[in-house]
Amino acid sequence: KKSEHIARIVIDPRNSNVVFVASQGPLWNPGGDRGVFKSTDGGKSWKNVLSVSENTGATDLVIDPKNPDILYASSYQRRRHVWTLIDGGPESAVYKSTDNGSTWVKITNGLPSGDIGRIGLAISPADSKVIYATVEATTKQGGFFRSVDYGATWEKRNDVISSSPQYYGTIIADPKNVDRVYLMDVFIMVTNDGGKTFSRLGEKSKHVDNHAMWIEGDNTNHYLAGCDGGLYESFDRGATWDFKSNLPVTQFYDVCVDNGQPFYNVYGGTQDNFTLGGPSRTMSASGIVNSDWFVTTGGDGFQSRVDPEDPNTVYSESQYGGLIRFDRRSGEQLGIQPQSGKGEAPLRWNWDSPLLISPHKHTRLYFAANILFRSEDRGDTWVAVSGDLTREIDRNALPVMGKVWGVDAVAKNASTSLYGNCTAMSESPVKEGLIYVGTDDGLINVTGDGGAVWRKTEKFPGVPERTFVSRICASQYEAGTVYAAFDNHKNGDFSPYLLKSHDAGKTWQPVKGNLPAYGPVLAIAEDHVNPNLLFAGTEFGLFFTVDGGTKWIQLKGGFPTIAVRDLAVQKRENDLVLATFGRGFYVLDDYTPLRTVSSDLLGRDAHLFPVRDALMYIVAQPLGGNKKVFQGESFFAAENPPFGATFTYYLKESLKTRKDKRQDAEKEAEKKKQSIHYPSWDELRAEDQEEPPAIILTVSDTEGHVIRTLTGPATKGISRIAWDLRYPLPRLAPPPPPGEEPEAGPLVMPGRYMVTLEKRIDGVVTRIAGPVKFNVVVPGQVSMSPSDRRELAIFQQKVAHLQRAVSGANQIVNELKSRLGSMKQALQATPASVDSLMLVAVAIEKRVNDLSRDLQGDMTRRSRNESDVPSINERVSKISDDEQLSTWKPTQTNLNGYALASQDFKTLLGKLKVLIQTDLANLEKQMEAAGAPWTPGRFPDWQEE
């Protein structure tokens, strides 16, 4: 079932179609499928071979590598709620099967009894009768155990267990040394004497909190370790570690954006990897690399807020309300968490405590524990503006698994927020002091005067009582409009709950519409232009609505099915930024087309959406080239958005070829059980000779001069294509080698442009949408002054024009050499006397070689490693290369080089024209008259005899 927690997967080494799964069941509620399941057909069907109680799950499963009929499994009684954790009970146990999972027996001899928590198991590959177990328990009964007789009896070797067994406790046995065992924990623990003593393996320059480990069978000094920081590798038994930095698997809880120029920055808090900030894009050809990111505070990272008027002031948070003010210029961090005063009750902070900067005053902060605090001076001083905003329930009086547990229950309340705290908050951008605060015990509190008077709501339509309030979003349009999302998965309820209020929270209406029935809503965002355009982040992806919540559509486009924990809208760029739990940040660039999605638009044959301003700059190459250059694949680089102007268009239907249409008709006929039409030869010939239909985007200046034509996808739906703000190359270039960027023409001038959408069918071009106007702008670079840019653009066009002609002349000269070679061969084979014609051919060939030397360089000198003056082609190519990655006005050297090249080429072109049109033409005419064999380029003179 969807809510199962799969703890282990084991494959029978004799038959890969035999698979065992340890299912822990839903962690948050009774019921569901639990225990050990077996498949004999590679996972197509399953049978429960070890069933456990509804409050218990199978948490570990190991198979004997030497006798795979023997398996060991551990069960684990636990329950986690919003308010507490009970990490053990009497149902936790170890089981053994000797018939490949068909039957199981509980093994207890020497193992603890009573309330037991998580049990980790490992079989020694060096001696499979030796089994290790780590057992969590309420008393000193727990610890590290060993059996040397296939689990028949057990001996306690040590009191050591992992520091937090609900997270850790996996055991890894050395493949060769029966006494060497590793225990996953905050620090990897190792024993070399079968568990009598343990020591830390070593975490130098490595992240802690270890969960998984692999040891190479032939070289047991070689490890891979999986921890909260990612993946690490060691070749020296943990003395040193190599971090695998190219895995984008960060778990982000929260996200916010600033208004940085020319590109905004993204901030977010991560699971156990600090709170970070980094650019949404860079001017680097390598994209966004790890070194572009910076840490604002440590610990588990959570919410960040950036001063809208001072982007160097960043407020960042770690777990349980650890709040700091970070200065980007100096890197300083100042702790500013509010504290309870003398005689006041202790504060209860959530793991992810809500924080905001007031939209009405950039130095005013709001921060909530179980009460709300306000600061008017950026966190230097705080005042409480509420009483306790929760239900003030004693969590120790709440039943878990059918009863109230005592204080000595296994891991009671461990790693849980103190129950009764604030979890979500928003202030109305329309009305100052109108603040909404949600809690983990299902309340929404509202104040309209900054905290003097509060009103609370305890029940919401369709939402179970005491459901965790995951997000609140006060509308930007009306003071009384607000959205709230609720998350009840910790009570085993995975339904989406999304509500809207028009009267400042007095009454609420569901707006979940057709959101999938399975997938809690974790985040909500409202568009700042269209009040009916909303975004919802859920446990299983991202959704949007354009009708205020009646109909929701999932956004895919390569986006994975992953938990979307938070959303942020960058208003200037109209970007939607997503914090995902396990795949890092995602950005939906320029989502403005979604604002206009409607049944009317989708009913059109085609539509071209507005184009946002395109930034013009030179893409830098800090690594000496594009992308990863020579850094290897372990170097991580996230792609930048496409450079230039991005065009977004919609096609109601794909453009299909004749063959596509015929095949569609044949499929339809088969469905209707009708005879298909067999095409005629003319019809098949038309298919073979057809030019495929194409979508053409034509960029023009304001006077209608065509600047560039681009070919886009011709498939139905919404597509995007980018123009790189450059003219076309003045010559045909070969495809670039794999991984390299194609050659590009010179940049256009900044200014106003327009784009039209056209379709080309059977060679006929028809406009189907547009024109749409847009701007090409320069983001304030000193080197790109308007006058310099204009001078450079004019010069680059002159160079491109010359390069086009030089490229053509190069090709003609090369073809002439081949052509003359064929002509000499033909003259030698001519029966008539053609000695005089051979002399003419040789003379023309010498002239071609002279022209080739002027155009391409002296190959006689160069082949002997001697220097040579620059050729015409080299001068032009050098100028083009010099100007390609700069916005400075042309250098005097390049101006002089152009003058030399253009003058020399003018003379050469005149000579080449006479040679081809007069001398070569006369020679070919005489060869035809002499009956010489045909040669390429000569039109045959034939008359019927």
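Here the structure is shown first, and the text comes after it.
These notes cover the structure that comes with them. Owing to the predicted nature of the structure, the values given are computational and were not obtained by experimental measurement.

Along its length, the protein chain carries 8 helices and 59 strands. Taken along the three principal axes of its C-alpha coordinates, the protein chain extends 115 × 70 × 70 Å. When each of the 945 residues of the protein chain is scored for burial, the buried share is 50%. Averaged over its 106 positive side-chain charges, the protein chain has a centre that lies 1 Å from the centre of its 115 negative ones.

Our focus in this paragraph is the nonpolar core. Counting 33 residues, the largest nonpolar core has Phe647, Leu697, Trp723, Leu725, Val755 and Phe774 as the members making the most contacts within it. At the level of secondary structure, the elements contributing two or more residues to this core comprise strand S51 (606–608), strand S54 (645–651), strand S55 (694–701), strand S56 (706–712), strand S57 (717–723), strand S58 (751–761) and strand S59 (764–777). Those residues in contact with Val755, other than ones at most four positions away along the chain, are Leu608, Val611, Phe647, Leu697, Thr698, Val699, Gly770, Pro771, Val772 and Phe774. Core analysis: the next-biggest nonpolar cluster, separate from the first, contains 31 residues, Val799, Val876, Tyr898 and Leu923 among them.

Across all of its chains, the model carries 48 salt bridges by this definition. Between Asp850 and Arg853 there is a salt bridge; the shortest N-O distance is 3.0 Å. One end of the pair, Asp850, and the other, Arg853, are both in helix H5 (residues 835–856), 3 residues apart, so they sit about a helical turn from each other. One salt bridge connects Glu874 with Arg862, and the closest N-O pair in it is separated by 2.5 Å. Of this pair, Glu874 sits in helix H7 (residues 872–884) while Arg862 sits in helix H6 (residues 859–862), and the two are 12 residues apart along the sequence. Take Arg862: its relative accessible area is 26%, and that puts it in the partly exposed class. Salt bridges here are not isolated pairs; linked through shared partners, they connect Lys361, Arg364, Arg374, Glu376 and Glu432.

With an omega of -5°, the peptide bond running from Gln261 to Pro262 counts as cis. Within the secondary structure, Pro262 is located in the loop between strand S23 (252–257) and strand S24 (265–270). Note that the residue after Gly770, namely Pro771, is joined by a cis bond; omega there is 5°. Secondary-structure assignment places Pro771 in strand S59.

Locating Asp174 in the fold gives a position in the loop between strand S15 (171–173) and strand S16 (181–183). Engagement of the side chain of Asp174 in a polar contact is seen with the backbone nitrogen of Lys176, the distance being 2.8 Å. In contact with Asp174, not counting residues within four places along its chain, are Ser124, Pro125, Ala126, Arg180, Tyr182, Ile215 and Thr220.

Below, the discussion takes up the sheet that holds strand S33 (residues 365–368). Note on sheets: strands pair through backbone hydrogen bonds, and any given pair is parallel or antiparallel. On the basis of which strands lie adjacent, the open sheet formed by 4 strands has the order S32-S33-S34-S35 and antiparallel pairing. One side of each edge strand has no neighbouring strand; the edge strands of this open sheet are strand S32 (355–357) and strand S35 (383–384). Examined bridge by bridge, S33 and strand S34 (residues 372–375) share 4 bridges and lie antiparallel to one another. Within S34, the position partnered with Tyr366 by the bridge is Arg374.

What follows deals with the sheet that holds strand S45 (residues 534–538). Read from one edge of the open sheet, 4 strands run S44-S45-S46-S47, paired in antiparallel fashion. The open sheet has two edge strands, strand S44 (521–526) and strand S47 (553–555), and neither has a second partner. Direction aside, neighbouring strands of the sheet carry axes that sit 30° apart on average. The pairing of S45 with strand S46 (residues 541–545) spans 5 bridges and is classified as antiparallel. In the sheet register, Thr538 faces S46, and the bridge partner there is Gly541.

A few words now on the packing of H5 against helix H8 (residues 892–929). At a closest axis distance of 11 Å, the pairing of H5 and H8 adopts a crossing angle of 160°. When the axes of H5 and H8 are compared, the pair comes out roughly antiparallel. Two packed elements cross with a definite hand, and for H5 against H8 that hand is left-handed. Contacts between H5 and H8 involve Leu837, Val840, Ala841, Ile844, Arg847, Val848, Leu851, Asp854 and Leu855 from the former and Phe905, Leu908, Lys911, Leu912, Leu915, Asp919, Leu920, Leu923, Gln926 and Met927 from the latter. Classifying every residue of the contact of H5 with H8 gives 14 nonpolar, 1 polar and 4 charged.

Any covalent bond linking the sulfur atoms of two cysteines counts as a disulfide. What the rule picks out here adds up to 0 disulfides. Cysteine Cys422 shares no disulfide, and the gap to the nearest cysteine sulfur, in Cys473, comes to 18 Å. Looking at the unpaired Cys473, the closest cysteine sulfur is the one in Cys256, lying at 15 Å.

We now examine helix H2 (residues 658–671). Over its 14 residues, H2 runs 20 Å from end to end, which matches the ideal 20 Å to within 8%, given 1.5 Å per residue. Just downstream of H2 lies Lys673, where phi reads positive at about 60°.

Attention now moves to the packing of helix H4 (residues 786–828) against H5. Between H4 and H5, the shortest axis-to-axis distance is 10 Å and the interhelical angle comes to 155°. As summarised for this structure, H4 and H5 are arranged roughly antiparallel, according to the angle between their axes. Where H4 crosses over H5, the handedness of that crossing is left-handed. Where H4 abuts H5, its residues Val806, Ala809, Asn810, Val813, Asn814, Leu816, Lys817, Leu820, Lys824, Leu827 and Gln828 lie against Leu837, Met838, Ala841, Ile844, Glu845, Val848, Asn849, Ser852, Leu855 and Gln856.

With that settled, the discussion passes to the environment of Leu434. With respect to the helices and strands, the residue Leu434 is situated in the loop between strand S36 (422–427) and strand S37 (435–439). Considered as a pair, Leu434 and Gly451 are 17 residues apart in the sequence and their alpha carbons are 8.6 Å apart. The residues touching Leu434, leaving out its near neighbours within four places in the chain, are Ser426, Glu427, Ser428, Val446, Thr447, Gly448, Ala479 and Ala504.

Summed over all chains, the structure comprises 31 aromatic pairs. Ring geometry for Tyr182 against Tyr223: centres 5.4 Å apart, planes inclined by 70°, an arrangement best described as edge-to-face. With a gap of 41 residues between them, Tyr182 in strand S16 and Tyr223 in strand S20 (residues 223–227) connect regions that are remote in the sequence. Residue Tyr223 is classed as buried on the basis of its relative accessible area of 0%. Ring centres 5.1 Å apart and planes at 55° place the aromatic pair Tyr253 and Phe581 in the tilted group. Of this pair, Tyr253 sits in strand S23 while Phe581 sits in the loop between strand S49 (575–580) and strand S50 (585–588), and the two are 328 residues apart along the sequence. Tyr253 gets classed as buried once you look at its relative accessible area, which sits at 7%. Through successive ring pairs, a cluster of aromatic residues spans Tyr253, Phe302, Tyr320, Trp351 and Phe581.

Three or four residues apart is the spacing at which side chains of an α-helix point the same way, because the helix has 3.6 residues per turn. Between its terminal C-alpha atoms H8 stretches 54 Å, which fits the 56 Å expected from 38 residues at 1.5 Å a residue. The sharpest bend along H8 measures roughly 35° and falls at Leu915. Every buried residue of H8 is listed here: Asn894, Gly897, Tyr898, Ala901, Phe905, Leu908, Leu912, Leu915, Leu920, Leu923, Glu924 and Met927. Along its buried surface, H8 packs onto H4, H5 and H7.

Sheet analysis places S20 next to strand S21 (residues 230–234), joined by 5 bridges and oriented antiparallel. Its bridge partner lying in S21, Cys227 is registered against Gly230. Hairpin connection from S20 to S21: 2 residues lie between these consecutive antiparallel strands. Bridge analysis of S21 against strand S22 (residues 242–243) gives 2 bridges, and the strand direction is antiparallel. The residue bridging Tyr232 from the neighbouring strand is Phe243, located in S22.

With that out of the way, let us pick up the environment of Asp547. Along the chain, Asp547 falls in the loop between S46 and S47. Given a relative accessible area of 36%, Asp547 falls into the partly exposed group. Sequence spacing of Asp547 and Thr756 is 209 residues, and the spatial spacing of their C-alpha atoms is 29 Å. In terms of polar contacts, Asp547 uses its side chain to reach the backbone amide nitrogen of Lys551, at 3.1 Å.

About the cut-offs
- Residues numbered from 1 in each chain as written.
- Predicted model: local features only at pLDDT ≥ 70, side-chain atom pairs only at ≥ 80, totals over all residues.
- Heavy atoms only, no water.
- Helix = DSSP H or I, 4+ residues; strand = E, 2+ residues; numbered from the N terminus.
- Buried < 20%, exposed > 50% of the residue type's maximum accessible area, 1.4 Å probe, protein only.
- Lys, Arg positive; Asp, Glu negative; His and termini not counted.
- Charge placed at Lys NZ, Arg CZ, Asp CG, Glu CD.
- Core = buried A, V, L, I, M, F, W, Y, C linked by side-chain atoms within 4.5 Å.
- Contact = heavy atoms within 4.5 Å.
- Salt bridge = Lys/Arg side-chain N within 4 Å of Asp/Glu carboxyl O.
- Polar contact = N/O pair within 3.5 Å; in protein donor to acceptor, adjacent residues only side chain to side chain.
- Pairing = 2+ DSSP bridges.
- Axes fitted to C-alpha atoms, helices over the stretch in contact; angles between N-to-C directions.
- Parallel < 35°, antiparallel > 145°, perpendicular 65-115°, else oblique.
- Left-handed = near helix turned anticlockwise from the far one by under 90°.
- Nonpolar A, V, L, I, M, F, W, Y, C, P; charged D, E, K, R; others polar.
- Disulfide = S-S within 2.5 Å.
- Expected span 1.5 Å × (residues − 1).
- Phe/Tyr/Trp six-rings, centres within 6.5 Å; stacked < 30°, edge-to-face > 60°.
- Bend = angle between axes of the 7 residues up to and from the residue.

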